[in-house]
Amino acid sequence: MSTTTVKKPVRTGKYTWNGAMITRTVASYGVALLMFFPIFFMILTSFKTELQAIAVPSLWIFEPTLENYTEVQERSDYFSFAWNSVVTSVGSTILGLMIATPAAYSMAFNPTKQTKNILMWMLSTKMMPAVGALIPIYLLCQKLGLLDNVFALIIIFTLMNLPIMVWMLYTNFKEIPSEILEASRMDGATLWEEFRYVLLPLAMGGLASTGLLCLVLSWNEAFWVLNLTSANAGTLASLVASYSSPEGLFWSKLSAVSVLAIAPIVIFGWFSQKQLVQGLTFGAVK
Amino acid sequence: MQSSSAGNRFVPRLLLSPAVATLLLWMLVPLGMTLYFSAIRYNLMSPELTGFVGWANYEFFVTNPAFTDAVLNTLVLLGSTVFITVAFGLAIAMLINDPFPGQSFVRILLISPFFVMPTVNALLWKHMMMNPIYGVLAQVWTFFGLEPVNWLQDLPLFSVILMLSWQWMPFACLIFITSLQSMDREQLEASDLDGATYLQKFRYLYLPHMARAITVVIMIEVIFLLSVFAEIFTTTNGGPGTQSTNLAYLIYNEALVNFDVGSASAGAMFAIILANIVAFFLIRIVGKNLD
Amino acid sequence: MAFLKLQNVDKYYGKLHAIKGVNLEIENGEFIVFVGPSGCGKSTLLRMIAGLEVINGGELILDGKDITTTPSAQRDLAMVFQSYALYPHMTVEDNMSFALRLAKVDPAEIQEKVEKAAEKLDLTAYLKRTPKMLSGGQRQRVAIGRAIVRSPKVFLFDEPLSNLDAALRGQTRVEIAELHRELGATTVYVTHDQVEAMTLADRVVVLRDGIIEQVGTPLDLYDHPKNRFVSQFIGMPQMNLLPADFLPAVAEGSAEVGIRPEHMKAVGAEGAALSGVVELVESLGNETLIHMKIAGKHQIIVRQYVRTELKIGDTVGVEFDASRVHRFDSEGLAL
């Protein structure tokens, strides 16, 4: 009945510690730490001086300094970039959900022979390289005076994520028995009431994780940001890029700005991890 | 006879239309312009040269020795990354599936790379991990008495594959973990009674159960990896030579380094064709698995 | 004038003609049961009345109004689904009051109606629970409660008992019958279970391949099946069928002769109209079913209410009540 597809395994409270269990636990931590190591190392580097950063062998114990962070903030206004990141990702997520939800509803509950083809066509638009569309989009933005404009980025991010959002919502909606929606129609619900009082509460998990994924993808998008914006509408992706080319070897500052750029979304991802996973099945869990 | 059904189809169509219309515009407008540019002389450095050139841009782009390399690199990049992430993703998902203390902490650590911006990912690996003198990998190599590898110079494509795998494996892992949780306990218990080994269980129970999840992971990764750009742009700039140039990067190079929009547009048309070929096969394989 | 009227109603799925010009008139307060094998179109027909499936041809008239293209929400019908289709995120109370709240009925009145329905259905103690916390039978009653609080023009039931276990099914069947007697509401009920059809219906509609085979009271269908299909579908065990040449005395120009098991009697082999070999004896206590084969290939069943000494392999004769013989022509139509 519920859209929740993930069930937590039953825990007995105590684990039976045998050889296999110990090996498994140690191996799990090993793999996890290995995967996380680059991020950890970057965080560490951001608290080193530039000289400490390139010491060989790497320093593990040192007196941490905050000077990289203060320097980044002095040189470029972190918060204005961060604000652009927030506005563009949240804006495109909301806009995307507004367009994708009705489409996914229509496809999931009123399927036709064309439904699957439309869905696949939508996904195929995502496979074309953005570079191919760069010049036309650049020229269009120039014509419309939308270069270096937050609004243009919101539109582009929305279009960029739309196929994935429609697909994700579609697979989530399909897990809701259509009889429940029919029951609400029999109860006299209008399309809006059916959506508001029945579909929305039941699909909340799917909507939330679709929104979360879209937020992550938009936050991390660099290509369009680098090519269509400069000072006004630049997001954190362009802030990072501005530290990369000329000063690639100033590792501490680069690390500090990178940490600042990814921290909001990574921490957000940690907290919403469970929610994200639940909707991220794309119909893969039956 | 069927006419009365038309009224009933109206609302679903209306709801679908904004998504279809915007995506159609998003596809057709650039496509039309690209098609137009690909048939004219259009160089940003010499705007005085104009006029219709027919297939010349296509010819120029295809006869560019980098073209074959770029197509090959695109496919190798895609295939290797998908293979690595699926194989390791499966292994790790199986490893951490059963409860152990700190399971959710481990999961949080594992999933983190997926949230890291591609630009940061590339810079982090380029400098702090892969630098042949100061990088962490160089230190590890030295520790084992080996000659440090100059990753981006000597193994540029592999380096990019490594970065992409680091980013996408958590994603594959996440989907596999979710899929594993819906595995039928009774089936596993029955196989225990039948005396199945772990490998047999993996082959005959887990793998078939996860077929859909694997398909989904392949599908999504193909969508995102067919046009990888930021990682290459930030690290190797396609080099040395064309060793790590993929189609997306080659087009970028033509348009914004050589300023030849005409030729770049022809290249974009090739990329679109390639995308459609891949999409065609993918949909053939994946489509039936997804319903 | 009929209360609910189906006139030449058609349904197509692409090229498939699922409902083929059905005509049916239902009176106010009647309990109608649609019955038929799976795939016969009974659920489709019900969903067309509900407005959940588009009607491709013909007319649907309710209480003098043409509702062929009216959306479900405005038809004033209530439906109990096979899966119950309760709103999983709402309490029992909210499930039952949802329609009334949408209709902006006065809250005090809603409260009163829900409480009354809950009492009738023995759900008062569960009003604050969500469907997840209820048993199958309780969920079923909530689904019924959701329908009755609205006092709709017609109740629609789509195989409502098929997800319940046998004991509960019998009990709920009785409750539905009582409810109908009490409320007197027009009801259309779909089932594949002929016991439900026989016990609940004022009139039964037998469907096959999108066509109505016969409409009639349960006993009418049992005693006077219009064709071979209905004769086989109604009655458990099925009516025995034999080619006419086995019983020339009663055949009267028919192609096939049908006799219900209880109208047959096992007797001594000599001088009997028919004789066969016993294949199986089912002793159910109150009745005994004797399965036998006539001429090595025609299986028949004899039902008797006295116990028998017959054993597998015995040769027996069969007598029957000549006045209860059904005759079918080569097309399967009753003569």
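Here the structure is a predicted model, which means the values were calculated and not measured.

## Notes on the overall build of chain A
1) Next: If you tally the helices and strands in chain A, you get twelve helices and zero strands.
2) Next: Seen through its C-alpha atoms, chain A measures out along the principal axes to roughly 70 × 70 × 30 Å.
3) Next: When the 286 residues of chain A are sorted by exposure, 52% land in the buried category.
4) Next: Here the analysis covers contacts within chain A between residues at least 6 apart in sequence; of these, 80% occur between residues at least 24 apart.

## What about the overall build of chain B?
1) Next: When helices and strands are counted, chain B shows 13 helices and zero strands.
2) Next: What you see in chain B, going N to C, is helices and strands ordered as α-α-α-α-α-α-α-α-α-α-α-α-α.
3) Next: On C-alpha atoms alone, chain B measures out to a radius of gyration of 24 Å, which is more than a quarter above the 19 Å that the 2.2 N^0.38 rule sets for 291 residues.
4) Next: In terms of its C-alpha atoms, chain B occupies a principal-axis envelope of roughly 80 × 80 × 30 Å.
5) Next: For chain B, with 291 residues in total, the buried portion stands at 45%.
6) Next: Pairs at least 24 residues apart make up 69% of the contacts formed inside chain B by residues separated by at least 6 positions.

## Observations concerning the UniProt feature "domain: ABC transmembrane type-1" (unreviewed entry) in chain B
1) Next: When the UniProt feature table is mapped to this numbering, "domain: ABC transmembrane type-1" (unreviewed entry) covers residues 71-282 of chain B.
2) Next: When the span residues 71-282 of chain B is considered, its composition is 75% helix and 0% strand, and the gap between its end C-alpha atoms is 18 Å.

## Some points on the pairing of strand β4 (residues 57-62) of chain C
All names here are of chain C.
1) Next: Strand direction decides the pairing type here: strand β1 (residues 4-13) and β4, joined by five bridges, are antiparallel. Looking at the pairing, Asp10 lines up with Gly57 of β4.
2) Next: Counted between consecutive antiparallel strands, the loop separating β4 from strand β5 (residues 65-66) contains two residues, among which Asp63 sits at a positive phi close to 50 degrees.

## Details of the confidence of the model for chain B
1) Next: Of all residues in chain B, 95% attain a pLDDT of 70 or more, and the chain-wide mean is 84.
2) Next: Under a pLDDT of 50 for its full length, residues 1-7 of chain B has, in the predicted model, 13 contacts with residues more than four places off or in other chains.

## A short note on the UniProt feature "transmembrane region" (unreviewed entry) in chain A
Residues and elements named next belong to chain A.
1) Next: As annotated by UniProt and renumbered to match this structure, "transmembrane region" (unreviewed entry) occupies residues 26-44, 81-106, 118-141, 150-170, 195-217, 224-244 and 250-271.
2) Next: Taken as a whole, residues 81-106 contains 100% helix and 0% strand, while its terminal C-alpha atoms sit 38 Å from one another.
3) Next: In this annotation, residues 118-141 is assigned 83% helix and 0% strand; the end-to-end C-alpha distance for the span is 28 Å.

## Regarding the packing of helix α1 (residues 19-46) of chain A against helix α5 (residues 118-129) of chain B
1) Next: As a packed pair, α1 of chain A and α5 of chain B sit with axes 11 Å apart at the nearest point and diverge in direction by 75 degrees. By the criterion of interaxial angle, the relationship of α1 of chain A to α5 of chain B is roughly perpendicular. Seen from α1 of chain A, the contacting residues are Pro38, Phe41, Met42 and Thr45 of chain A; seen from α5 of chain B, they are Leu124, Trp125, Met128 and Met129 of chain B.
2) Next: Partitioning the contact of α1 of chain A with α5 of chain B into residue classes produces seven nonpolar, one polar and no charged.

## Brief notes about the interface of chain A and chain B
1) Next: On the chain B side, the residues contacting the 85 residues of chain A number 78 residues.
2) Next: Elements represented by at least two residues in the side of chain A that touches chain B include exactly α1, α4 (78-109), α5 (115-125), α6 (130-143), α7 (150-173), α9 (191-220), α11 (236-244) and α12 (251-279) of chain A.
3) Next: The biggest single contributor to the side of chain A that touches chain B is α1 of chain A, with 16 residues.
4) Next: Classifying every residue of the side of chain A that touches chain B by side-chain character gives 61 nonpolar, 18 polar and six charged.

## A short note on the domain arrangement of chain B
Residue and element names in this part refer to chain B.
1) Next: Entries for chain B in the domain assignment read domain 1 (1-38) and domain 2 (55-290).
2) Next: Look at where the C-alpha atoms of domain 1 and domain 2 centre, and you get two points 32 Å apart.
3) Next: Each partner contributes to the interface: domain 1 provides four residues, whereas domain 2 provides eight residues.
4) Next: Class assignment of the residues belonging to the side of domain 1 that touches domain 2 gives a composition of two nonpolar, two polar and no charged.

## Some details on the sheet that holds strand β12 (residues 256-259) of chain C
Residue and element names in this part refer to chain C.
1) Next: Taken together, the three strands give an open sheet; going across it, the order is β11-β12-β18, and neighbouring strands pair in antiparallel fashion. The open sheet terminates on both sides in strands that have one partner only, identified here as β11 (240-243) and β18 (326-328). Here the strands of the sheet are splayed against their neighbours by 25 degrees on average, with no regard to which way each runs.

## Brief notes about the pairing of strand β16 (residues 298-304) of chain C
Within a regular beta strand, the side chains point alternately toward one face of the sheet and then the other, so they alternate between its two faces.
Residues and elements named next belong to chain C.
1) Next: As judged from the seven bridges shared by strand β15 (residues 288-294) and β16, these two strands associate in the antiparallel manner. Bridge assignment links Met292 to a residue of β16, and that residue is Ile300.
2) Next: Between the end of β15 and the start of β16, which pair antiparallel, lie three residues, with Ala295 showing a positive phi angle near 55 degrees.

## Here we look at the domain arrangement of chain A
Residue and element names in this part refer to chain A.
1) Next: When cut into domains, chain A gives domain 1 (19-70) and domain 2 (76-279).
2) Next: Placing the centre of domain 1 and that of domain 2 at their C-alpha centroids yields a distance of 31 Å.
3) Next: Tallying the contact residues gives eleven residues for domain 1 and eight residues for domain 2.
4) Next: Elements supplying a minimum of two residues to the side of domain 1 that touches domain 2: α1, α2 (50-53) and α3 (67-75).
5) Next: Tallying contributions element by element places α1 first for the side of domain 1 that touches domain 2, with four residues.
6) Next: Within the side of domain 1 that touches domain 2, the residues separate by chemical class into five nonpolar, four polar and two charged.

## A short note on the packing of helix α8 (residues 178-186) of chain A against α9 of chain A
Residues and elements named next belong to chain A.
1) Next: Contact geometry of α8 with α9 gives a least axis separation of 10 Å together with a crossing angle of 140 degrees. By the angle between their axes, α8 is oblique relative to α9. Helix-helix and strand crossings are classified by hand; for α8 and α9 the assignment is right-handed. Of α9, the residues touching α8 (which contributes Ile180, Leu181, Ser184 and Arg185) are Glu194, Val198 and Leu199.
2) Next: Of the residues in the contact of α8 with α9, the class split is four nonpolar, one polar and two charged.

## Notes on the UniProt feature "transmembrane region" (unreviewed entry) in chain B
All names here are of chain B.
1) Next: The sites that carry the UniProt feature "transmembrane region" (unreviewed entry) are, in the present numbering, residues 15-37, 75-96, 108-125, 132-151, 157-177, 210-230 and 266-286.
2) Next: Taken as a whole, residues 75-96 contains 100% helix and 0% strand, while its terminal C-alpha atoms sit 31 Å from one another.
3) Next: Between the end C-alpha atoms of residues 157-177 the distance is 29 Å, and the span holds 100% helix and 0% strand.

## Overview of the environment of Gly235 of chain C
Residues and elements named next belong to chain C.
1) Next: Inspection of the secondary structure puts Gly235 in the loop between α8 (228-233) and β11.
2) Next: A C-alpha to C-alpha distance of 8.1 Å links Gly235 and Arg260, two positions 25 residues apart in sequence.
3) Next: With near-sequence residues (within four places) excluded, Gly235 lies in contact with Tyr222 and Arg260.

## A look at α11 of chain A
1) Next: Of all nine residues making up α11 of chain A, seven are buried, and the element is well covered by its neighbours.
2) Next: Among all positions of α11 of chain A, only Leu236, Ala237, Ser238, Leu239, Val240, Ala241 and Tyr243 of chain A are buried.
3) Next: Buried residues belonging to α11 of chain A abut α4, α9, α10 (223-228) and α12 of chain A together with α5 of chain B.

## Here's the deal with the nonpolar core
1) Next: Counting 244 residues, the largest nonpolar core has Val166 of chain A, Phe229 of chain B together with Leu156 of chain C as its most contacted members.
2) Next: The element best represented in this core is α7 of chain A, accounting for 16 residues.
3) Next: With sequence-adjacent residues up to four places away left out, Val166 of chain A is seen in contact with Ala100, Ala103, Ala104 and Met122 of chain A together with Ala19 of chain B.
4) Next: Membership of the second largest hydrophobic core comes to 14 residues, among which are Met264, Leu274, Val302 and Val316 of chain C.

## As for the environment of Val22 of chain C
All names here are of chain C.
1) Next: Tracing the backbone shows Val22 in strand β2 (residues 16-26).
2) Next: Considered as a pair, Val22 and Gly210 are 188 residues apart in the sequence and their alpha carbons are 7.7 Å apart.
3) Next: Apart from the residues lying within four places of it in its own chain, the contact partners of Val22 are Leu6, Val9, Leu45 and Ile212.

## Quick look at the sheet that holds strand β8 (residues 186-191) of chain C
The pairing of strands in a sheet comes from backbone hydrogen bonds and takes either a parallel or an antiparallel form.
Residues and elements named next belong to chain C.
1) Next: Overall, mixed pairing links the six strands, which are arranged β6-β7-β8-β3-β9-β10 in an open sheet. The two strands at the open ends of the sheet, each matched to only one other strand, are β6 (77-80) and β10 (211-216). Looking at each pair of strands side by side, their axes are set apart by 20 degrees on average, direction ignored.
2) Next: The sheet contact formed by β6 and strand β7 (residues 154-158) spans four bridges and is parallel. Directly across from Leu77, in β7, lies its bridge partner Val154.
3) Next: Along the sheet, helix α4 (residues 136-148) makes contact with β6 and β7, crossing β6 at roughly 180 degrees.

## Things to note about the confidence of the model for chain A
All names here are of chain A.
1) Next: When the pLDDT values of chain A are averaged, the result is 85; 92% of them are 70 or greater.
2) Next: Here α2 stands out as the least confident element of chain A, with mean pLDDT 81; α4 is the most confident, with 93.
3) Next: Low pLDDT, under 50, characterises residues 1-11; the predicted model gives this stretch 25 contacts beyond four residues in sequence or across chains.

Rules behind the numbers
Residues numbered from 1 in each chain as written. Chains lettered and ligands numbered in written order. Predicted model: local features only at pLDDT ≥ 70, side-chain atom pairs only at ≥ 80, totals over all residues. Helix = DSSP H or I, 4+ residues; strand = E, 2+ residues; numbered from the N terminus. Buried ≥ 20, exposed ≤ 12 C-beta atoms within 10 Å, placed from the backbone. Contact = placed C-beta atoms within 7 Å. Rg over C-alpha atoms; globule rule 2.2 N^0.38 Å. UniProt positions renumbered as here; feature names shortened; annotations may be inferred. Pairing = 2+ DSSP bridges. pLDDT = per-residue confidence, 0-100. Axes fitted to C-alpha atoms, helices over the stretch in contact; angles between N-to-C directions. Parallel < 35°, antiparallel > 145°, perpendicular 65-115°, else oblique. Nonpolar A, V, L, I, M, F, W, Y, C, P; charged D, E, K, R; others polar. Domains from an automatic or database assignment. Left-handed = near helix turned anticlockwise from the far one by under 90°. Core = buried A, V, L, I, M, F, W, Y, C linked by C-beta atoms within 7 Å.

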